[in-house]
Amino acid sequence: SKARLKPRRVRPKVSVPTNLAYRVRTFGWIHDQPYHSTHGTHGDDAMLTVVRSGRGFYLCGSQRIEVVGGMVGLVLPQSVTGQEVGILMADPDEPYDHDYCRFAGTQALASVKRIVDRHGGLPFFKPTVMPQVIDLMRQMRGFPLISRLRGTDLIHSPVCQPKE
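Scoring rules and cut-offs
- Residues numbered from 1 in each chain as written.
- Predicted model: local features only at pLDDT ≥ 70, side-chain atom pairs only at ≥ 80, totals over all residues.
- Heavy atoms only, no water.
- Helix = DSSP H or I, 4+ residues; strand = E, 2+ residues; numbered from the N terminus.
- Buried < 20%, exposed > 50% of the residue type's maximum accessible area, 1.4 Å probe, protein only.
- Contact = heavy atoms within 4.5 Å.
- Areas by Shrake-Rupley, 256 points an atom, 1.4 Å probe, with all protein chains shown as cover.
- Core = buried A, V, L, I, M, F, W, Y, C linked by side-chain atoms within 4.5 Å.
- Expected span 1.5 Å × (residues − 1).
- Arc of directions from axis to C-beta.
- Phe/Tyr/Trp six-rings, centres within 6.5 Å; stacked < 30°, edge-to-face > 60°.
- Lys NZ or Arg CZ within 6 Å of the ring centre and 35° of its normal.
- Pairing = 2+ DSSP bridges.
- Axes fitted to C-alpha atoms, helices over the stretch in contact; angles between N-to-C directions.

**What about the overall build of the chain?**
Here comes step 1: Along the backbone of the chain there are 3 helices and 9 strands.
Here comes step 2: Ordered by position from N to C terminus, the α and β elements of the chain give β-β-β-β-β-β-α-β-β-α-β-α.
Here comes step 3: When each of the 164 residues of the chain is scored for burial, the buried share is 40%.
Here comes step 4: Across the chain, the fraction of contacts at a sequence separation of at least 24, relative to all contacts at a separation of at least 6, is 79%.
Here comes step 5: Element-wise, carbon and sulfur atoms account for 53% of the exposed surface of the chain, whose accessible area totals about 10300 Å².

And the structure:
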C-alpha cells in the first residue's frame, strides 16, 4: 500500500497582536462530538463558550469544573492570569452543544477580567440571562435575532453580574 502524504501546511500564528479595543478572531458551533476537547483559549486571546446543552468538564491545574447546559465560559489567556490555560472536554455519553467565540483587544480582555472576577474567578458560571446570550451567539453565526439585546449591551447586561 502506498501512503499518501498531505502537503505540509504552514499554520498561521494563533493570535497576532492587535491595537483594537475588540477583535473577534473566530467563532463557531460544536455539537455531536462525544470525544471533543480543546484548550480553553489560544495565544493572548480570550474565549467565550456558551453551553446550550449536554455535559463536559473544564480541567485547569488541579481544578475540575463540571460544565452543563446553561453555563457560560470566559477563559482568559495565560498572559493575563499568569496560569496555564485549561482544557474543555465533552462527556462522551452526553456531549455538550456549544457556541464559541475567540477574541482579543485591550477593552475586551479588561471586560472579561471584570466579569470573571465578579464570578469568584471561576471561568465557567450560570448567567442570569441565558436566552440573550444564546441570541448573541446565533447572530454571530448568521441566524436571526430572537430577543432585542444588542451585542454592545452584553458587557453592561446582567450576564456580567453574579447569579444570586
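This is not the end of the story, as more comes after the structure.
**Some thoughts on the nonpolar core**
Here comes step 1: If you look at the biggest cluster of nonpolar residues, it comprises 17 residues, and the most contacted ones within it are Leu48, Val50, Val72, Leu74, Phe103 and Val112.
Here comes step 2: Counting residues per element, the ones that place at least two in this core are β3 (46-53), β6 (71-75), β8 (97-104), α2 (106-118) and α3 (130-140).
Here comes step 3: In terms of residue count, α2 provides more of this core than any other element does, 5 residues in total.
Here comes step 4: Contact partners of leucine 74, with chain neighbours within four places excluded, come to Met47, Leu48, Val112, Ile115, Val116, Pro123 and Phe125.
Here comes step 5: Residues Val51, Val67, Met71 and Ala90 belong to the second largest nonpolar core, which totals 13 residues.

**Describing α2**
Here comes step 1: With 13 residues, α2 extends 19 Å between its outermost C-alpha atoms, agreeing within 8% with the 18 Å of an ideal straight helix rising 1.5 Å per residue.
Here comes step 2: Of all the positions in α2, only Ala108, Leu109, Ser111, Val112, Ile115 and Val116 are classed as buried. All buried residues of α2 lie within an arc of 160° about the axis, which places them on one face of the element.
Here comes step 3: The positive-phi residue at the C-terminal boundary of α2 is glycine 120, with phi of around 70°.

**Examining the packing of aromatic side chains**
Here comes step 1: Tallied over the full model, the rule gives 1 aromatic pair.
Here comes step 2: Taking the ring centre of phenylalanine 57 as reference, the NZ or CZ of arginine 64 above it sits at 3.9 Å.

**Comments concerning the pairing of β8**
Here comes step 1: Most of β8 sits inside the fold, with 7 of its 8 residues counted as buried.
Here comes step 2: Sheet topology note: the strand β1 (residues 23-30)/β8 ladder contains 7 bridges and is antiparallel. Following the sheet pairing, valine 24 is matched in β8 by phenylalanine 103.
Here comes step 3: Looking at chain direction, β3 and β8 are connected through 7 bridges and run antiparallel. The residue of β8 that forms the bridge with threonine 49 is tyrosine 100.

**Considering the sheet that holds strand β2 (residues 37-39)**
Here comes step 1: On the basis of which strands lie adjacent, the open sheet formed by 4 strands has the order β2-β7-β4-β5 and antiparallel pairing. Where the open sheet ends on each side, the last strands, each with one partner, are β2 and β5 (63-68). Looking at each pair of strands side by side, their axes are set apart by 20° on average, direction ignored.
Here comes step 2: Pairing geometry for strand β4 (residues 55-60) and β5, over 6 bridges, is antiparallel. If you follow leucine 59 over to β5, its bridge partner there is arginine 64.

**A look at the sheet that holds β3**
Here comes step 1: One open sheet accounts for 5 strands, arranged β1-β8-β3-β6-β9; its pairing is antiparallel. Edge positions in the sheet fall to β1 and β9 (124-125), since each has one partner strand and no second.

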